[in-house]
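# Fold and contact review
Given next are the chains, with one letter for each unit.
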Amino acid sequence: MQKNYLIDMDGVLVKGKILIPGADEFIDRLKATNTKFLILTNNPIYTPRDLEHRLKMTGLNVPAENIFTSAMATARFLQSQRPNGTAFVIGESGLTQALHEVGYVQTDMDPDYVVLGEVNTYNFEQITRAIRLINDGALFIATNPDATGPLESGIVPATGAMAALIQKATGKEAFFVGKPNPLMMRSAMRYLGVHSENTVMVGDRMDTDVVAGVMSGLETILVLSGVSTMETVEHFPYRPGRIINSVADIEVSSD
């Protein structure tokens, strides 16, 4: 049976702005065999078109329609919960555009939700406003739980770290949509039009990619080109279906 692929981006296809060797040939194999695939990322900053361009600059030709972000999953979740609702949003264009596309109004006047994503520069006034709105009854949603994100110069604080600050100040827990929440995986599979029994999750993190795949009933492949190592695998009570050096080692079948 031909497999479908959900593929993490950072640490699997690229490291920052650097292509992981063999990733371009892997994508070419997927296209040549007409294999359905999505690049799946917890990064909510960029729109799919932004990411298409960024990947192209590294040497990867991935159409925007083959990219699915935690911002897109968040927007679809909110639309399913409260259609055409309102939200106070802390995030970049990837998140704000996704919410606009599902009909959400973005406002700081009695919103249904406070939606937190990753930003390039955190604004203290925005964070204070978010805390007050949550205390006044707005529901707290965050795109993803990642505490840090990778840059060429080192790690930077990400959505999970800022969510922890807001949770501490309000006493209210955020609902995280992105990996490892299986909701992200199911949303991606619906978007792609595939089922779990013939879909593979490829990632570099045991604590997000692999566990999300396991909880969603997917076949899982851990690549050692990113965060996790053979040693870190032993610290988790679940295991990936396969462990390989990189996506260069994945053979794609057309049958």
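Preceding this section is the structure that the text describes.
Residues numbered from 1 in each chain as written. Predicted model: local features only at pLDDT ≥ 70, side-chain atom pairs only at ≥ 80, totals over all residues. Heavy atoms only, no water.

### Here we look at the overall build of the chain
Worth spelling out the cut-off: Starting at the N terminus, helices and strands are each numbered in turn, a helix being any DSSP run of H or I of at least four residues and a strand any DSSP run of E of at least two. Between the two quantities, the radius of gyration covers C-alpha atoms and the globule rule is 2.2 Å times the number of residues to the power 0.38. Only protein chains enter the accessibility calculation, which uses a 1.4 Å probe; a residue whose area is less than 20% of its type maximum is buried, one above 50% is exposed, and one in between is partly exposed. Any two residues whose heavy atoms approach within 4.5 Å at even a single point are treated as in contact.
Looking only at helices and strands, the chain has 9 helices and 15 strands in total. Its C-alpha atoms give the chain a radius of gyration of 18 Å, within 12% of the compact-globule value 18 Å for 255 residues. Here the C-alpha coordinates of the chain stretch approximately 55 × 35 × 35 Å along the principal axes. By residue count, 53% of the 255 residues in the chain fall in the buried class. Of the contacts made within the chain by residues no fewer than 6 positions apart, 66% connect residues no fewer than 24 positions apart.

### Brief notes about the sheet that holds strand β8 (residues 113-116)
Test applied: At least two bridges found by DSSP between two strands is the condition for calling them paired.
Pairing is parallel across the open sheet formed by 5 strands, whose spatial order is β7-β6-β8-β9-β12. Edge positions in the open sheet fall to β7 (105-106) and β12 (175-176), since each of these has one partner strand only. Relative to β7, strand β6 (residues 86-90) runs parallel, the two being bridged by 2 bridges. Directly across from Thr86, in β7, lies its bridge partner Val105.

### A look at the pairing of strand β4 (residues 37-41)
The test is simple: Look down the strands so they point away from you; if the path from the first strand over the helix to the second goes clockwise, the crossover is right-handed.
Taken across its 5 residues, β4 has 5 buried, putting it largely inside the fold. Where strand β1 (residues 4-8) meets β4, 4 bridges bridge the pair, whose relative direction is parallel. Bridge pairing links Leu6 to Leu38 in β4. The pairing of β4 with strand β5 (residues 67-69) spans 3 bridges and is parallel. Paired with Ile39 across the two strands is Ile67, which belongs to β5. Tracing the backbone out of β4, into helix α2 (residues 48-58) and back to the parallel element β5 gives a crossover that is right-handed.

### Side note on the packing of aromatic side chains
Using the following cut-off: Only rings of Phe, Tyr and Trp enter the pairing, Trp through its six-membered ring, and a pair is recorded when the two centres are within 6.5 Å. The plane angle decides the type: under 30 degrees is stacked, over 60 is edge-to-face, the rest tilted.
According to the stated counting rule, one finds 5 aromatic pairs in the structure shown. Seen from their ring centres, Tyr5 and Phe26 are 6.0 Å apart, and the 85° between their planes marks the pair as edge-to-face. Here the residue Tyr5 occupies a position in strand β1, and Phe26 occupies one in helix α1 (residues 23-32), the gap between them amounting to 21 residues. Residues Tyr5 and Phe26 agree in their burial class; the two are buried.

### A look at helix α8 (residues 206-215)
Within α8, 7 of the 10 residues are buried, leaving the element largely enclosed by the surrounding structure. Check the buried side of α8 and you find it contacts β1, α7 (182-192), β13 (199-203), β14 (219-223) and α9 (230-233). After α8 finishes, the residue Gly217 shows a positive phi value of roughly 75°.

### Things to note about the packing of helix α3 (residues 70-81) against α7
Helix packing for two helices is described by the angle between their axes and how far apart those axes are. In plain terms, the rule: Angles shown run from 0 to 180 degrees and are taken between the N-to-C directions of axes, each axis being a line fitted to C-alpha atoms and, for helices, limited to the stretch in contact. Roughly parallel covers angles under 35 degrees, roughly antiparallel covers those over 145, roughly perpendicular covers 65 to 115, and oblique covers all other angles. Here the term charged refers only to Asp, Glu, Lys and Arg, the term nonpolar to Ala, Val, Leu, Ile, Met, Phe, Trp, Tyr, Cys and Pro, and the term polar to all other amino acids, Gly among them.
Where α3 contacts α7, the axes come no closer than 10 Å and their chain directions differ by 90°. The angle between the axes of α3 and α7 places the two elements in the roughly perpendicular class. Contact residues: α3 offers Ser70, Met72, Ala73, Arg76 and Phe77, while α7 offers Leu183, Met184, Ser187 and Tyr191. Class assignment of the residues belonging to the contact of α3 with α7 gives a composition of 6 nonpolar, 2 polar and 1 charged.

### Some remarks on the packing of α3 against helix α4 (residues 93-101)
Our working rule: Left-handed describes a crossing in which the near helix is turned anticlockwise from the far one by less than a right angle; the clockwise case is right-handed.
The N-to-C vectors of α3 and α4 enclose an angle of 30°; their axes lie 8 Å apart at closest approach. If you check the angle between α3 and α4, you find them roughly parallel. For the element pair α3 and α4, the recorded crossing hand is right-handed. Each of Ala71, Met72, Ala75 and Leu78 in α3 lies in contact with α4, whose residues at this interface are Gly94, Leu95, Ala98 and Leu99. Considered class by class, the residues forming the contact of α3 with α4 number 7 nonpolar, 1 polar and no charged.

Keep in mind these values describe shape, not function.
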